Amino acid sequence: MSAVTTGAAIDVKDLTVRFRSAKSSTLALDNVSMRVPEGGFTSIVGPSGCGKSTLLKVVAGLVKASEGTATLLGQVVTKPQQNVGFAFQRSALLQWRDVRKNILLQAEMRGMDRTVAGERADELIELTGLTGFENAMPHELSGGMQQRVALCRALLHRPPVLLMDEPFGALDALTREVLNAQLNRIWRETGTSVLLVTHSIAEAVFLSTRVEVMSARPGRLVRSFDIDLPRERDYVQVMADPKFGEYTRDIRQLLGAHDSH
Ligand code: ADP
């Protein structure tokens, strides 16, 4: 890895990704550039198949760039990254482990100090409102609670960067709002930089300091919005803020205009 000074947690430059097989070639991302400043929260919205997940995977070092670069914490990404947290749509909890042991899986995989990991797990359990459910098994939890456990596991090693791919996509609207408010609090309290992929425009605007709008495949960046709302966000207040309505309307119009093919 070569060192690059960017001042950004994530810096994606001129990224193109082509998937080739014997029969076909898919241009998934076409010359995309975006940054997540340190401590920033950037969301990517765009139609299905526009390359959002692929972009996250390039940042995580799981998919290689065909052209361009992804830089994570000042280092060009060339292999799978250890210092990021992941949260995906499916919580991927181990059914035979209780809540606390699912969270601590992260510590076991990383060989973290047990006492440090245990204390951190307890802090996160409290922060995400899971207190009292430490010994519950995954099948005893609602979908929202399962996602909270997955979020705790993603944050256990205090990753400076959190990558999230539709983590709340399978949840009902109200549960999603509650988890969005919690994620806002976690982001503020941990100072972690977040890159989130979501289909929900409202979720993107509510959570983010910046929203990147992408076009249908091949994924290109259409426009970036800096979200000028306070860092601490409350659903009722944010929804009532005229700026929230303007951002969501503008983004919806853009997506409508670019979603026609
Ligand atoms: P999104 O997350 O925006 O729905 P993806 O990043 O999952 O989009 O996919 C972008 C495009 O790249 C899609 O057409 C998808 O079929 C294709 N794609 C994704 N991963 C692979 C892969 N490993 N091999 C071949 N094509 C892929």
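Scope of this entry: the structure provided in the associated data block. (Residues numbered from 1 in each chain as written. Predicted model: local features only at pLDDT ≥ 70, side-chain atom pairs only at ≥ 80, totals over all residues. Heavy atoms only, no water.)

Close contacts around the ligand come from Phe19, Thr26, Ala28, Pro47, Ser48, Gly49, Cys50, Gly51, Lys52, Ser53, Thr54 and Arg217, and that covers them all. Separating an oxygen atom of the ligand from a side-chain N or O atom of Lys52 is a distance of 2.9 Å. Considering the ligand on its own, with 560 Å² of exposed area, one finds that the protein chains cover 60% of that surface. If you list the elements that add at least two residues to the shell around the ligand, you get β2 (25-37) and α1 (52-60). For the shell around the ligand, the leading source of residues is α1, giving three residues. Of the residues that constitute the shell around the ligand, the class distribution is four nonpolar, six polar and two charged. (Near = heavy atom within 4 Å. Polar contact = N/O pair within 3.5 Å; in protein donor to acceptor, adjacent residues only side chain to side chain. Areas by Shrake-Rupley, 256 points an atom, 1.4 Å probe, with all protein chains shown as cover. Helix = DSSP H or I, 4+ residues; strand = E, 2+ residues; numbered from the N terminus. Nonpolar A, V, L, I, M, F, W, Y, C, P; charged D, E, K, R; others polar.)

For Thr248, the position within the fold is in helix α8 (residues 242-258). Residue classification places Thr248 among the buried positions, given a relative accessible area of 12%. What Thr248 contacts, discounting residues up to four positions off in sequence, is Ile201, Ala202 and Val205. (Buried < 20%, exposed > 50% of the residue type's maximum accessible area, 1.4 Å probe, protein only. Contact = heavy atoms within 4.5 Å.)

This brings us to the pairing of strand β3 (residues 41-45). Burial within β3 is extensive, with five of its five residues counted as buried. Residues Phe41, Ser43 and Val45 of β3 are buried on one face, and the alternating residues Thr42 and Ile44, pointing to the opposite face, are buried as well. Pairing of β3 with strand β8 (residues 193-197) involves four bridges; the strand directions are parallel. Within β8, the residue paired with Ile44 across the bridge is Val197. Relative to strand β9 (residues 210-214), β3 runs parallel, the two sharing four bridges. Each bridged residue has a counterpart across the sheet, and for Ser43 the counterpart in β9 is Val211. (Pairing = 2+ DSSP bridges.)

Turning to the pattern of salt bridges, a few remarks are in order. A full pass over the atoms with the stated rule returns 15 salt bridges. Across the pair Arg120 and Glu123 runs a salt bridge, and its minimum N-O distance is 2.9 Å. Pair noted here: Arg120 and Glu123 are both in helix α3 (residues 114-127), with a separation of three residues, about one helical turn. Using a relative accessible area of 7% as the deciding quantity, one classes Arg120 as buried. One salt bridge in this structure joins Arg185 and Glu189, with 3.2 Å as the shortest N-O distance. Of the two residues, Arg185 and Glu189 are both situated in helix α5 (residues 173-190); the distance of four residues between them amounts to about one turn of the helix. You can call Arg185 partly exposed: its relative accessible area is 36%. Residue classification places Glu189 among the partly exposed positions, given a relative accessible area of 49%. Here the residues in one salt-bridge network are Asp11, Lys13 and Arg35, joined through shared partners. (Salt bridge = Lys/Arg side-chain N within 4 Å of Asp/Glu carboxyl O.)

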